[in-house]
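# Reading the structure
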Amino acid sequence: MSRINIGVISFAHGHVNVYCNQMKNWDDVRLVAAWDDNEERGRKNAETFGMDFTPHLDDLVGRSDIDALIVTSETNKHGDHCVAAAEAGKHILLQKPMALSLSECDRIIAAVDRAGITLQMAFQMRCDPVNQQMKQLIDDGVLGKVGTIRRRHCLNLLFNEAFVTGPSRWHIDPVANMGMFMDDAVHAADFLYWFLGPPVSVMAEIDNVLTTCAPDDTGMAIYRFADGAFGLLYNASVTLGAEITTEIYGDQGTVQHYYGDGVSTPFAPEGAAPLKLFRRGSPQAWEEIRMAIPKTHGERIAAVPRPWIDMLKAGGTPVCDARAGRVSTAMCLGAYESAQTGRRVSLS
């Protein structure tokens, strides 16, 4: 395909506006039409991006001039919307998390397999060059055998009155989105899966520690992997500021990663190095790996659509497909189960 024609299923999740803002100026993309069960929201955003609007989902997915659909509805609606898109033969970019249950993940996977279309999860961490550089260091053996990865991925949204009481408040609805750990820790869960493969177990604590407006505001999970490695995930929606985002410890080296999420990026000094590498036997204590740090976390989110469009044009394979989306969902669901029961939960 030389040009990809795009439709949008719901503007509920704000990231879709960032995606469309990027794509509206690309010669190889045409933003065609949108549907939203909130007609006022849907019409307003469709007009902003020069798209047709329809109040009927069947009309949108049935259009012959649409190749792919971005599904950015409330999380509990992902199953129905992805199945409708797949059955219409449309490729899918799906906002995280994939779903709120493994049965819904499996329903989506089955529909994608039957239709023979592609589903790409919208995980901006995989599109970040700094994260890709850390992955390359592991894959190239620079760090040797990795024993522990700690990833902190945080927000300050629950301190934001507009987020809690405005149109985005569905994020804190336990029916629509389960909890803030489910909503946001899924990014870090996919990061750990991307680096270490699927975990075999998890122990976790998830609770409200600084607020009461959402089902939870802070969570910590310890994942074990088949080779014995630890993955430590810290996620909070009540973090005002931070610096260190990732630590990776191997038997031949250590990597520290700075300014890699929404509450740390704004504090990056001009010219700061996002990565520091320590090698066993190195004459230097630490090596700085200099790469560009985005000015805002929104720049990372804006990086999602380009590789997706390129993959569709080339007829390639998604870097994070439906089965990978199921893994990160299972990791979060397992963490909730562990926090609720006080026990280690098997993820095998």
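Presented here is a report on the structure given in the accompanying data block. Worth saying up front: this structure is predicted, and the values here are computed from it rather than measured.

## With respect to the overall build of the protein
When its secondary structure is counted, the protein shows twelve helices and 15 strands. Against the 2.2 N^0.38 benchmark of 20 Å for 348 residues, the protein shows a C-alpha radius of gyration of 20 Å, consistent with a compact globule. Overall, the C-alpha framework of the protein stretches about 60 × 45 × 40 Å when taken along its three principal axes. Within the protein, the fraction of its 348 residues that count as buried is 57%. Of all intrachain contacts in the protein linking residues separated by at least 6 positions in sequence, the fraction that spans at least 24 positions is 69%.

## Here's the deal with the pairing of strand β4 (residues 68-71)
Burial along β4 is two-sided: the face carrying Ala-68 and Ile-70 and the face carrying Leu-69 and Val-71 are both buried. Bridge analysis of strand β1 (residues 4-9) against β4 gives four bridges, and the strand direction is parallel. Looking at β4, one finds that Gly-7 is bridged to Leu-69. As judged from the four bridges shared by β4 and strand β5 (residues 91-94), these two strands associate in the parallel manner.

## Some remarks on the nonpolar core
Of all hydrophobic cores here, the largest spans 69 residues; its most connected members are Ile-9, Ile-92, Leu-119, Phe-181, Tyr-223, Leu-233 and Ile-248. Examining the composition of this core, we find that ten residues originate from one element, helix α9 (residues 180-196), more than from any other. In contact with Leu-119, not counting residues within four places along its chain, are Cys-82, Ile-92, Leu-94, Ile-108, Val-112, Pro-318, Cys-320, Asp-321 and Ala-322. Counting 27 residues, the second-largest nonpolar core is a separate cluster that includes Val-16, Val-29, Phe-53 and Leu-312.

## Concerning the sheet that holds strand β8 (residues 199-207)
Strand order in the open sheet formed by nine strands is β14-β13-β12-β11-β7-β10-β9-β8-β15, and the pairing between neighbours is mixed. Of all the strands in the sheet, the pair left with one neighbour each is β14 (287-289) and β15 (345-346). Where β8 meets β15, two bridges bridge the pair, whose relative direction is antiparallel. By the bridge assignment for β15, Ser-201 is matched with Ser-346. Where helix α6 (residues 129-139) meets the sheet, its contacts fall on β7 (146-152), β11 (244-250), β12 (253-258), β13 (275-279) and β14, and the angle it forms with β12 comes to roughly 175°. Against the sheet, helix α12 (residues 322-341) touches β8, β9 (218-225) and β15, its axis set at about 55° to β8.

Cut-offs applied
Residues numbered from 1 in each chain as written. Predicted model: local features only at pLDDT ≥ 70, side-chain atom pairs only at ≥ 80, totals over all residues. Heavy atoms only, no water. Helix = DSSP H or I, 4+ residues; strand = E, 2+ residues; numbered from the N terminus. Rg over C-alpha atoms; globule rule 2.2 N^0.38 Å. Buried < 20%, exposed > 50% of the residue type's maximum accessible area, 1.4 Å probe, protein only. Contact = heavy atoms within 4.5 Å. Pairing = 2+ DSSP bridges. Core = buried A, V, L, I, M, F, W, Y, C linked by side-chain atoms within 4.5 Å. Axes fitted to C-alpha atoms, helices over the stretch in contact; angles between N-to-C directions.

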